[in-house]
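Chain residues, written in single-letter form:
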Amino acid sequence: MANNKLLVNERQTDLGNFMVGRLLPFRKKRQVGPFTFIDHMGPATLGNGVYVDVDQHPHIGLSTLTYLFEGEIEHKDSIGSNQVITPGDVGFMTSGSGVTHTERTPMPKRVKENFVMHGYQIWVALPKEQEEMAPRFHYYPSNDIPIWKTEALRFKLVAGKAFGKSAPLQGYSPLFMVDVFAEKATNLDLRRQLNGEVAFVIVKGSITVQDEKVEAGQMLISKTDDQCEIHLDKDTQLLLFGGEPLPEEHFLLWNFVSHSKERLQKAKEDWKNKKFPKVPGDETYIPIPELPRKTKD
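Residues numbered from 1 in each chain as written. Predicted model: local features only at pLDDT ≥ 70, side-chain atom pairs only at ≥ 80, totals over all residues. Heavy atoms only, no water.

### Description of the packing of aromatic side chains
In this description, a pair of aromatic rings is defined by centroid distance and the angle of the planes. As enumerated under the stated definition, the model contains 13 aromatic pairs in all. Where Tyr51 meets Phe115, the ring centres are 6.3 Å apart and the plane angle is 10 degrees; that geometry is what we call stacked. A residue pair is termed long-range when its members are at least 10 positions apart, and Tyr51 in the loop between strand 4 (35-46) and strand 5 (53-59) and Phe115 in strand 11 (residues 115-125) qualify at 64 residues. With a relative accessible area of 10%, Tyr51 lands in the buried category. Residue class for Phe115 comes out buried when judged on its relative accessible area of 6%. Residues Phe256 and Phe276 carry aromatic rings whose centres are separated by 6.1 Å and whose planes lie at 15 degrees to one another, so their mutual orientation is stacked. With Phe256 in strand 25 (residues 256-258) and Phe276 in the segment after helix 1 (261-272), this pair connects stretches of sequence that are 20 residues apart. (Phe/Tyr/Trp six-rings, centres within 6.5 Å; stacked < 30°, edge-to-face > 60°. Helix = DSSP H or I, 4+ residues; strand = E, 2+ residues; numbered from the N terminus. Buried < 20%, exposed > 50% of the residue type's maximum accessible area, 1.4 Å probe, protein only.)

Written as C-alpha cells, this is what we have:
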C-alpha cells in the first residue's frame, strides 16, 4: 500500500428523522476517483412513525447510487421513474443538466411496526463533457449483479470493472465498487485487480493494512493504485470504491456538482426560483441552505 493514505471516521449528520455517517467529502480529500459523496445509512431501526422521508430536492452534474443491505427505499424522480430499491439492488440516477427526486420508505413497509434500514447513498461526479446530458434512471436488480466466491471470500461487483470482471453498471468514467464479505479470516491481494484510487469502507468487522487496523465506521483511502494486500477478519464486510480521478477539478455546492463554480451558482438560483422540473404529483420542496455545507474533519 502506498504511504500516502488517509484514515477517515464517519461524521454523524442529521437528516431530520434519520442519522447518517458521512465519509466523503472531507477536507483533505474531496473525491476518490469520481466518487464525491458517501453517506452510510444506519443500521437503524425504523417504524412507529419514523421513516425515510426525503422530500423533493435537485441535482446536477452527478449520478446518485443507492445500495442497501436491509430495508427498502422508493425512488421517484422528475423524469417519471418510480422504483422500490430492495437489499442487493442498485438504483442509479444520473442528473445531468438537472433532475429532482424523492426518497421514501415505501407504503407497504409503513404498516410494519419495526424494520432495519441499512445501506449507502453515493454520488459519482460526471466528466465535464457529460455534465449537461439528459437525466436518466437505471435499476439493476440484485440477481443481475455479478457474484463470485473464493475459499474464504464472497464478492459482488456493484459497479464498474474489477478483478477481471464487469458489472452491468459502468457509469461514465473508469470506476469500481465491490462488496466483499470474509466468511473466514483471510488475506486479499489487490495487485493488478483495481485501477485508480482506492477507498476501503468497513461496513462491519475490521481489516489490517500494513499493521494498521481499520474498523467498522472508518474508511481508508489510498491516493494511488499502488500494489497492496489487506487482511480481513472473519465476518468482515467492506466496500471497495474508486477509479481514475476526473481530469478536471470538480466542486460541490449542496446537492450540485460541477467543474464550473458559475454553473453551481446558476443551479442554486434555479432551485430557489423553482425552475427545476418536478416529480409528478409531488409538491414538496427542500429549500437550499443559505450557506454551503461545511464538513468537519
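Having seen the model, we can carry on.
### Quick word on the pattern of salt bridges
Side-chain pairs of opposite charge can arise where the charged atoms are in close proximity. Enumeration according to the criterion identifies 15 salt bridges in this entry. Between Arg104 and Asp282 there is a salt bridge, with its nearest N and O atoms 3.4 Å apart. Here Asp282 lies in the segment after helix 1 and Arg104 lies in strand 10 (residues 99-104), a separation of 178 residues in the sequence. The closest approach of N and O atoms between Asp189 and Arg191, which form a salt bridge, is 2.4 Å. (Salt bridge = Lys/Arg side-chain N within 4 Å of Asp/Glu carboxyl O.)

### Some details on the environment of Asp282
What makes Asp282 buried here is its relative accessible area of 12%. Considering only alpha carbons, one finds Asp282 and Ser258, 24 residues apart in sequence, at a separation of 27 Å. When sequence neighbours within four positions are dropped, the list of residues in contact with Asp282 reads Gln56, Thr102 and Arg104. Here the side chain of Asp282 touches Thr284 through a polar contact of 2.5 Å, side chain to side chain. (Contact = heavy atoms within 4.5 Å. Polar contact = N/O pair within 3.5 Å; in protein donor to acceptor, adjacent residues only side chain to side chain.)

### Points about the sheet that holds strand 5
Strands sit in the order 5-10-7-8 across an open sheet of four strands; the sheet is antiparallel. Pairing within the sheet leaves two strands with one partner each, and these edge strands are strand 5 and strand 8 (82-85). On average, each strand axis in the sheet is tilted by 20 degrees relative to the strand beside it, whichever way the strands run. Alignment of strand 5 against strand 10, held across five bridges, turns out to be antiparallel. Pairing of His57 across the sheet is with His101, part of strand 10. (Pairing = 2+ DSSP bridges. Axes fitted to C-alpha atoms, helices over the stretch in contact; angles between N-to-C directions.)

### Quick word on the nonpolar core
By size, the foremost hydrophobic cluster in this structure holds 30 residues, and its most contacted members are Leu65, Tyr120, Ile122, Met177, Met219, Leu239 and Phe241. Of all hydrophobic cores here, the second largest spans 26 residues; its members include Trp148, Ala162, Val209 and Leu232. (Core = buried A, V, L, I, M, F, W, Y, C linked by side-chain atoms within 4.5 Å.)

### Some thoughts on the sheet that holds strand 17 (residues 186-189)
Backbone hydrogen bonds hold the strands of a sheet together, and the pairing may be parallel or antiparallel. What the four strands build is an open sheet, ordered 17-22-19-20; its pairing is antiparallel. Unpaired on one side and paired on the other, strand 17 and strand 20 (212-215) mark the two borders of the sheet. Put simply, the sheet's adjacent strands are angled 30 degrees from each other on average, direction ignored. Alignment of strand 19 (residues 206-209) against strand 20, held across four bridges, turns out to be antiparallel. Note on strand 20: the bridge partner recorded for Thr208 is Lys213.

So, to be careful, I would describe these as geometric facts and stop short of saying anything about function.
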